[in-house]
Amino acid sequence: MGALRDPGRLLVAWEDAAGAPPVARGTVLVHRAGLVDDVDTALDLPIGAVASLAARLYAEEFGAVVSGILTCHSCEQRLDVELPMDSVVAASQDESVGAESAVALSGGRRLLVRAPTTRDLVAAGGSHDPARELLNRCVRAEDNAPVDADGLDDAALTLVDAAAEELAGSAAVVVRTACPSCGTEVAAPLDVAALLWDRVAYAAPAILAEVAELAAAFGWAEAEVLALTPVRRRTYLELARGGAR
Ligand SMILES: [Zn+2]
């Protein structure tokens, strides 16, 4: 654990994730940090499981609590919110979070809904009708036959949506807080995998800037700078800046 604390590994993870579609970046990071051995396995995990792994990784690498700012939709006050990452991990251990659930429609018909995976989201993102694409990929009739989304009425679609949300678990984490000014409950969805990517995308250029500074000062190669322990890197940076003498 703590794999991304190694600057060389963080850079590899960052580069790899930057080249992936945005919805897959958190999944690539979870794989690159060693939480899932194989990238195909990671892409086929339910997104709730990915969010849970991303929350674990976030807590280990960047801190146990995420803070953010929400805006009250009633009085526009800005609210500071904090979300402990262990609550996100716990959300996926809820029994309702699984791989598949059966939805009973009126008339006795039953559909099987499975939790979307990162691969499903990537496919949906590349489709001209993302919601339809997800439905086609994740909903099956009881006999495993594909379901024509056009044949589902609004009531059926609502049931399918609710089932998909349950299955998503911590991928659908919602932060809730009461506005101290007007008392309105403010809620916002939180994408933990995206937050993880934000932190990595912020950290990587800072590492590269340090590499560039030390390479310019001492003529070292990138690999030599990345191999330095954090203490040595910091001390050499101070020397390069004319301090620590
Ligand atoms: Zn308010």
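A brief report on the enclosed structure follows.

With respect to the coordination of the zinc ion
- Looking at the zinc ion, the protein donor atoms are Cys72 (SG), Cys75 (SG), Cys179 (SG) and Cys182 (SG), and they sit 2.3 Å from it.
- Classification of the site at the zinc ion rests on its four donor atoms, whose angles at the metal span 105 to 115°, yielding the label tetrahedral.
- For the zinc ion, all donor residues lie on one chain, and their spacing in sequence is C-x2-C-x103-C-x2-C. Of this pair, Cys72 sits in the loop between β1 (65-71) and β2 (78-84) while Cys179 sits in the loop between β6 (174-178) and β7 (185-189); the two residues are 107 residues apart in sequence, bridging distant segments of the chain. With respect to class, Cys72 is no different from Cys179; both count as buried.

Side note on the pattern of salt bridges
- In this structure the tally under the stated criterion is 11 salt bridges.
- Note that Arg119 and Asp44 form a salt bridge whose closest N and O atoms lie 2.8 Å from each other. Here the residue Arg119 occupies a position in helix α6 (residues 118-125), and Asp44 occupies one in the loop between α3 (39-43) and α4 (47-62), the gap between them amounting to 75 residues.
- Take Arg119: its relative accessible area is 30%, and that puts it in the partly exposed class.
- By relative accessible area, Asp44 is classed as partly exposed at 44%.
- Notably, a salt bridge pairs Arg137 with Asp120, separated by 2.6 Å at the nearest N-O pair. With Arg137 in helix α7 (residues 130-138) and Asp120 in helix α6, this pair connects stretches of sequence that are 17 residues apart.
- With relative accessibility at 27%, the residue Arg137 sits in the partly exposed group.

A word on α4
- Over its 16 residues, α4 runs 21 Å from end to end, which matches the ideal 22 Å to within 8%, given 1.5 Å per residue.
- When you tally the buried positions in α4, you get 12 out of 16 residues, the bulk of the element.
- Taken as a whole, α4 has its buried residues at Ile47, Gly48, Val50, Ala51, Ser52, Leu53, Ala54, Ala55, Leu57, Tyr58, Glu61 and Phe62.

Some words on the packing of helix α9 (residues 192-218) against helix α11 (residues 230-240)
- Here α9 crosses α11 at 55°, and the two axes come no closer than 10 Å. With respect to α11, the axis of α9 lies oblique. By crossing handedness, the relation of α9 to α11 is classed as left-handed. Across the interface between the two elements, Ile207, Glu210, Glu213, Leu214, Ala217 and Phe218 of α9 pack against Arg233, Tyr236, Leu237, Leu239 and Ala240 of α11.
- Taken together, the residues of the contact of α9 with α11 break down into eight nonpolar, no polar and three charged.

Section: the environment of Ala55
- Mapping Ala55 onto the fold places it in helix α4.
- In the structure, Ala55 is positioned 30 residues away from Arg25 in sequence and 14 Å away in space, judged by C-alpha atoms.
- Dropping the residues within four chain positions of it, Ala55 is found in contact with Met85, Val88, Val89 and Val192.

Quick notes on the sheet that holds strand β3 (residues 100-104)
- An order of β3-β4-β5 is seen for the three strands of this open sheet, with the pairing classed as antiparallel. One side of each edge strand has no neighbouring strand; the edge strands of this open sheet are β3 and β5 (139-141). Taking each pair of neighbouring strands and ignoring which way they run, the sheet shows an average axis angle of 30°.
- Two elements, strand β4 (residues 110-114) and β5, share three bridges in a ladder whose sense is antiparallel. Bridged to Val113 within β5 is Val139.
- Contacts from α7 reach β4 and β5 within the one sheet, and its direction differs from that of β5 by about 45°.

Considering the side chain of Arg25
- On the secondary structure map, Arg25 appears in helix α2 (residues 25-32).
- Despite its burial, Arg25 remains without a salt bridge, the nearest opposite charge being carried by Asp198 at 7.5 Å.
- Here Ala18 takes part through its backbone oxygen, which lies 3.3 Å from a polar atom of the side chain of Arg25.
- Filtering out sequence-adjacent residues up to four positions away, Arg25 remains in contact with Ala17, Ala18, Ala20 and Trp197.

Things to note about the packing of aromatic side chains
- The tally for this structure, following the rule as stated, stands at four aromatic pairs.
- With centroids separated by 5.6 Å and ring planes inclined at 65°, the aromatic side chains of Phe218 and Tyr236 adopt a geometry described as edge-to-face. Here Phe218 is found in helix α9, whereas its partner Tyr236 is found in helix α11, with 18 residues between them in sequence.
- Using a relative accessible area of 33% as the deciding quantity, one classes Phe218 as partly exposed.
- Taken together, the aromatic side chains of Phe218, Trp220 and Tyr236 make up a single cluster linked through ring pairs.

About the thresholds
- Residues numbered from 1 in each chain as written.
- Predicted model: local features only at pLDDT ≥ 70, side-chain atom pairs only at ≥ 80, totals over all residues.
- Heavy atoms only, no water.
- Donors = N, O, S within 2.8 Å, 3.2 Å for Na, K, Ca; no water.
- Tetrahedral: all angles 85-135°; square planar, octahedral: opposite > 155°, others 65-115°.
- Helix = DSSP H or I, 4+ residues; strand = E, 2+ residues; numbered from the N terminus.
- Buried < 20%, exposed > 50% of the residue type's maximum accessible area, 1.4 Å probe, protein only.
- Salt bridge = Lys/Arg side-chain N within 4 Å of Asp/Glu carboxyl O.
- Expected span 1.5 Å × (residues − 1).
- Axes fitted to C-alpha atoms, helices over the stretch in contact; angles between N-to-C directions.
- Parallel < 35°, antiparallel > 145°, perpendicular 65-115°, else oblique.
- Left-handed = near helix turned anticlockwise from the far one by under 90°.
- Contact = heavy atoms within 4.5 Å.
- Nonpolar A, V, L, I, M, F, W, Y, C, P; charged D, E, K, R; others polar.
- Pairing = 2+ DSSP bridges.
- Lys, Arg positive; Asp, Glu negative; His and termini not counted.
- Polar contact = N/O pair within 3.5 Å; in protein donor to acceptor, adjacent residues only side chain to side chain.
- Phe/Tyr/Trp six-rings, centres within 6.5 Å; stacked < 30°, edge-to-face > 60°.

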